Amino acid sequence: MAPEDRRAALVEATLPLLREHGTAVSTRQIAEAAGVAEGTIFGAFPDKASLVRAALVRAFDPAPAVEEIEAVGTELELRARLVQVVGKVRQGMAINERLHIAARDLAMEDEEFGRHLVGSRNRIIDALADLMEPDRDRLHRSPRTAAHLLLMLIAVAVQAKSSYGADEIDDMDDAGIVSLLLDGLLVRPSQDRHDDDLVLLGRLLDQPETPTPDKESSS
């Protein structure tokens, strides 16, 4: 097996173990999972830390998420588009949930890896923004800002249960996350209340008031 293929195989064998055991995984466990002698690892990587780093780079590769986001396309209505995307991105985040602390710690020590994480996040943000771009005129903020907010909401939903406990934060399904982004937290019992909220939000954002046609005609 070529050296690059050997390294790739070891990384693929390491990833599931990292997700299960964290960085406490041993080289013996990795060797057993890869079906090689433990010494083979040190022939491909200088040390365990180098292998873990390579596995983290692979884990936070944005390409699969970007491809799934782009595959949704822009033909569906905005809300339907986003619900589909949230499900895909959320699943990817959940798989790597146990790796985030290790990745954060490594990024503090390794500037190159830190830039990789930032670049990965930005590629996903760009893909989400492109998905919302056709509806720019319907949004109070830019598609890129909305993409940042959506990614934050997904991360909170993924981490909430393990970080805060089941009784602290309501469970949100994919549609609930999208609703929180697009509709906010306020309950709107009537169209008039909805119009009032839009007027207030328009003032806060230094935008002109945007009452609905019915309310405008009645005035």
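Residues numbered from 1 in each chain as written. Predicted model: local features only at pLDDT ≥ 70, side-chain atom pairs only at ≥ 80, totals over all residues. Heavy atoms only, no water.

1. Let's talk about the confidence of the model for the chain
Confidence in the prediction for the chain averages 86 pLDDT; 81% of positions are at 70 or higher. Every residue in residues 215–219 scores below 50 in pLDDT, and together they form three contacts with partners more than four places removed in sequence or on other chains. (pLDDT = per-residue confidence, 0-100. Contact = heavy atoms within 4.5 Å.)

2. Notes on the side chain of Arg 81
Checked against the element boundaries, Arg 81 lands in helix 6 (residues 78–95). Setting aside chain neighbours within four positions, we find Arg 81 in contact with Val 72, Gly 73, Thr 74, Leu 76, Leu 131, Met 132, Pro 134 and Asp 135. (Helix = DSSP H or I, 4+ residues; strand = E, 2+ residues; numbered from the N terminus.)

3. Some words on the packing of helix 5 (residues 63–72) against helix 8 (residues 111–132)
Running from amino to carboxyl end, helix 5 crosses helix 8 at an angle of 5°, the nearest separation of the two axes being 9 Å. By the criterion of interaxial angle, the relationship of helix 5 to helix 8 is roughly parallel. Residue-level contacts link Ala 63, Ala 65, Val 66, Ile 69 and Val 72 of helix 5 to Arg 123, Ile 124, Ala 127, Leu 128 and Leu 131 of helix 8. Tallied by class, the residues present in the contact of helix 5 with helix 8 amount to nine nonpolar, no polar and one charged. (Axes fitted to C-alpha atoms, helices over the stretch in contact; angles between N-to-C directions. Parallel < 35°, antiparallel > 145°, perpendicular 65-115°, else oblique. Nonpolar A, V, L, I, M, F, W, Y, C, P; charged D, E, K, R; others polar.)

4. Here we look at the pattern of salt bridges
One pass over the full model with this rule turns up 12 salt bridges. Arg 81 is paired through a salt bridge with Asp 135; the nearest N and O atoms lie 2.6 Å apart. On the criterion of sequence distance, the pair formed by Arg 81 in helix 6 and Asp 135 in the loop between helix 8 and helix 9 (143–164) is long-range, its members being 54 residues apart. For the pair Arg 81 and Asp 135, a shared accessibility class is recorded, and that class is buried. Arg 138 is the partner of Asp 135 in a salt bridge, and the nearest nitrogen-oxygen pair spans 3.0 Å. (Salt bridge = Lys/Arg side-chain N within 4 Å of Asp/Glu carboxyl O. Buried < 20%, exposed > 50% of the residue type's maximum accessible area, 1.4 Å probe, protein only.)

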